[in-house]
Amino acid sequence: MTGAAFLLLALTLVVAFGNWVAVEREITWLEYLTKPLTMVVLIATALALDADSDAALAWFLVALVLCLAGDVFLMLPQDLFVPGLSAFLVGHLAYVGGMVSLDVRLGLLLVGVLVVLVAMATLGQRILAAVREAEPPLAMPVAAYIVVISAMVATAVGTGRPLAIAGAASFYASDSLIAWNRFIGPTAHARAAVMVTYHLGQIGLVLSLV
């Protein structure tokens, strides 16, 4: 890792921590500042890395920008859940492209597919059932999103890179928490947990480039 990338990563963690505090303590102005800023600094971190694959870096940068857009949509006081979901969905497709550029091995990919099929058959089905009951028009978008993020996790496993796998799993956990708390029921400290797992997931994915 380059010196610049290390410093930017440290700054990413500082800003992310500020966001976790803002979300937990409901400091709106700080949340509005730190949520997008975390991704901006993480994008700068990715650009400063000596990535193993220029193609993977390009795909990941597209994903990060789309996730930044999704963050803004979901942060605003209006209910922009569908635009936010759409931005993240396309972002995950970009991450899949990046994983393929990092070289996905068939045997590991099959393991990843098996893992996500189990997750979809259990947690995914529970969430979809709740969506159909609570907000039926969102059932198809949420189902599509579950498929795409599951593909991202499977391809991350396929790379065999521990940070890619950990990052994708953390991202999956974050989105599962969002869905659970929106469609099934609230849990304690949910918003902070969503952001911690989300930021750690994104950081893990970015660091998997080296």
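About the cut-offs
- Residues numbered from 1 in each chain as written.
- Predicted model: local features only at pLDDT ≥ 70, side-chain atom pairs only at ≥ 80, totals over all residues.
- Heavy atoms only, no water.
- Salt bridge = Lys/Arg side-chain N within 4 Å of Asp/Glu carboxyl O.
- Helix = DSSP H or I, 4+ residues; strand = E, 2+ residues; numbered from the N terminus.
- Axes fitted to C-alpha atoms, helices over the stretch in contact; angles between N-to-C directions.
- Parallel < 35°, antiparallel > 145°, perpendicular 65-115°, else oblique.
- Left-handed = near helix turned anticlockwise from the far one by under 90°.
- Contact = heavy atoms within 4.5 Å.
- Nonpolar A, V, L, I, M, F, W, Y, C, P; charged D, E, K, R; others polar.
- Expected span 1.5 Å × (residues − 1).
- Polar contact = N/O pair within 3.5 Å; in protein donor to acceptor, adjacent residues only side chain to side chain.
- Phe/Tyr/Trp six-rings, centres within 6.5 Å; stacked < 30°, edge-to-face > 60°.
- Buried < 20%, exposed > 50% of the residue type's maximum accessible area, 1.4 Å probe, protein only.
- Lys NZ or Arg CZ within 6 Å of the ring centre and 35° of its normal.
- Core = buried A, V, L, I, M, F, W, Y, C linked by side-chain atoms within 4.5 Å.

By the definition in use, this model includes four salt bridges. For the salt bridge of R191 with E31, the shortest nitrogen-to-oxygen distance reads 2.8 Å. One end of the pair, R191, is in helix α8 (residues 190-207); the other, E31, is in helix α2 (residues 28-48), and 160 residues separate them in sequence. One network of salt bridges, in which partners are shared, links D79, E135 and R182.

Unusually for a residue other than glycine, E26 sits at a positive phi of about 60°. Mapping E26 onto the fold places it in the loop between α1 (3-25) and α2.

This part takes up the packing of helix α4 (residues 81-101) against helix α7 (residues 162-184). Helix-helix packing: each pair is described by the crossing angle between the helix axes and the interaxial distance. Across the interface, α4 lies against α7 with an axial gap of 13 Å and an inter-helix angle of 165°. One finds that α4 runs roughly antiparallel with respect to α7. Like other packed secondary-structure pairs, α4 and α7 cross with a definite hand, here left-handed. The segment α4 lies against α7, with F81, F88, H92, Y95 and M99 engaging A164, F171, D175, R182 and F183. Of the residues assigned to the contact of α4 with α7, the class counts are seven nonpolar, one polar and two charged.

Once that is clear, we can look at helix α3 (residues 54-75). For α3, with 22 residues, the first-to-last C-alpha span of 31 Å sits near the 32 Å given by 1.5 Å per residue. On the buried face of α3, the contacting elements are α2, α4, α7 and α8. Two or three places before A55, at the opening of α3, S53 has a side-chain oxygen 3.4 Å from that residue's backbone nitrogen.

On to the packing of α4 against helix α6 (residues 139-159), then. In contact at an axis separation of 9 Å, α4 and α6 are set at 25° when each is read in the N-to-C sense. Relative to α6, the element α4 lies roughly parallel. At the point where α4 passes α6, the crossing takes the left-handed sense. Residues F81, L85, F88, L89, H92, L93, Y95, V96 and M99 of α4 form the contact with α6, whose participating residues are P141, V142, A144, Y145, V148, I149, A151, M152, T155, A156 and T159. Partitioned by chemical class, the residues of the contact of α4 with α6 number 17 nonpolar, three polar and no charged.

Evaluation of the coordinates by the stated rule reveals six aromatic pairs. Between F17 and W20 the ring centres are 6.2 Å apart and the planes differ by 70°, which places this aromatic pair in the edge-to-face class. On the criterion of helical spacing, the pair formed by F17 and W20 is a turn pair, its members being three residues apart in helix α1. On the basis of relative accessibility, which here comes to 17%, the residue W20 falls in the buried class. Ring centres of F88 and F171 lie 6.2 Å apart, and the angle between their planes is 85°; on these two criteria the pair is classed as edge-to-face. Within this pair, whereas F88 is found in helix α4, its partner F171 is found in helix α7, the two being separated by 83 residues in sequence. Among the residues examined, F171 registers a relative accessible area of 0% and is labelled buried. By way of ring pairs, the aromatic residues F88, F171 and Y198 are connected into one cluster. Over the aromatic face of F81 sits the side chain of R182, whose NZ or CZ is 4.3 Å from the ring centroid.

By the secondary structure assignment, A154 is in helix α6. Each C-alpha atom of the pair A154 and I43 lies 23 Å from the other, and the pair is 111 residues apart in sequence.

The next subject is the nonpolar core. Formed by 59 residues in total, the largest nonpolar core has its most connected members in L64, Y95, V142, M152, F171, F183 and L209. Of all the secondary-structure elements, those providing two or more residues to this core are α1, α2, α3, α4, α5 (106-134), α6, α7 and α8. The greatest single-element share of this core, amounting to 10 residues, is contributed by α6.

Interpretation in functional terms is not warranted from these geometric data alone.
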